[in-house]
Amino acid sequence: MRMKVNDTCIGCGLCAVTCPDVFYMESGVAHAIDAEIDEANLDTAQDVLENCPVSAIEEV
Ligand code: SF4
């Protein structure tokens, strides 16, 4: 599974702090790595997707 951050991100930083192997901040907003999410990070990434305050994270 891959994830992406859409343009509704408000840059709160939650995803990058909680799941730094998958999400990072750049220019004030979050981005997801351009790669398959490895097994060890899947549950955390899914939690982040569900807890983003503006639902900016999508599965792709
Ligand atoms: S948790 Fe959501 S709003 Fe916050 S930085 Fe990540 S994608 Fe953006």
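Going by the structure above, here's the rest.
I will try to describe carefully the structure that is included in this document. Predicted model, so just to flag it, every value in this text is computed and none were measured. (Residues numbered from 1 in each chain as written. Predicted model: local features only at pLDDT ≥ 70, side-chain atom pairs only at ≥ 80, totals over all residues. Heavy atoms only, no water.)

## Digging into the overall build of the protein chain
Worth spelling out the cut-off: In this text, helices come from DSSP runs of H or I with a minimum length of four residues, and strands from runs of E with a minimum of two, each type numbered from the N-terminal end. Using C-alpha atoms as the atom set, the radius of gyration is obtained and then compared with a globule rule of 2.2 Å times the number of residues to the power 0.38. Exposure classes here rest on a 1.4 Å probe applied to the protein chains alone. A residue is buried below 20% of its type maximum, exposed above 50%, and partly exposed in between. When checking whether two residues touch, look at their non-hydrogen atoms; a contact exists if any pair is within 4.5 Å. Every accessible area reported is derived by Shrake-Rupley at a probe size of 1.4 Å, with residue values counting cover from the shown protein chains alone.
Along its length, the protein chain carries 2 helices and 4 strands. Helices and strands in the protein chain line up, N terminus first, as β-α-β-β-α-β. The C-alpha radius of gyration of the protein chain comes to 10 Å, within 12% of the 10 Å expected for a compact globule of 60 residues. In terms of overall dimensions, the protein chain has C-alpha extents of about 25 × 20 × 20 Å along its principal axes. When burial is assessed residue by residue, the protein chain has 33% of its 60 residues classed as buried. For the protein chain, the share of sequence-separated contacts (at least 6 apart) that also reach a separation of at least 24 residues comes to 62%. Accessible surface computed for the protein chain: about 3700 Å², of which carbon and sulfur atoms make up 48%.

## Brief notes about the site of the ligand
Note the threshold: Throughout, the term near means that a residue has one or more heavy atoms lying within 4 Å of the molecule or strand in question. Cavities and pockets are found on a 1 Å grid laid over the protein atoms alone: a cavity is a set of points where a 1.4 Å probe fits but cannot escape, a pocket is an open set with protein on both sides within 12 Å along at least five of seven lines, and a lining residue has an atom within 4 Å of such a point. More than half of a molecule's atoms lying within 2 Å of a cavity's or pocket's grid points is what places that molecule inside it. Three residue categories are used. Nonpolar comprises Ala, Val, Leu, Ile, Met, Phe, Trp, Tyr, Cys and Pro, charged comprises Asp, Glu, Lys and Arg, and polar comprises the others, including Gly.
Surrounding the ligand, one finds 14 residues, the nearest of these being Cys9, Cys12, Gly13, Cys15 and Cys52. Spatially, the ligand is embedded in the largest cavity. Its residues assigned to classes, the shell around the ligand shows 12 nonpolar, 2 polar and no charged.

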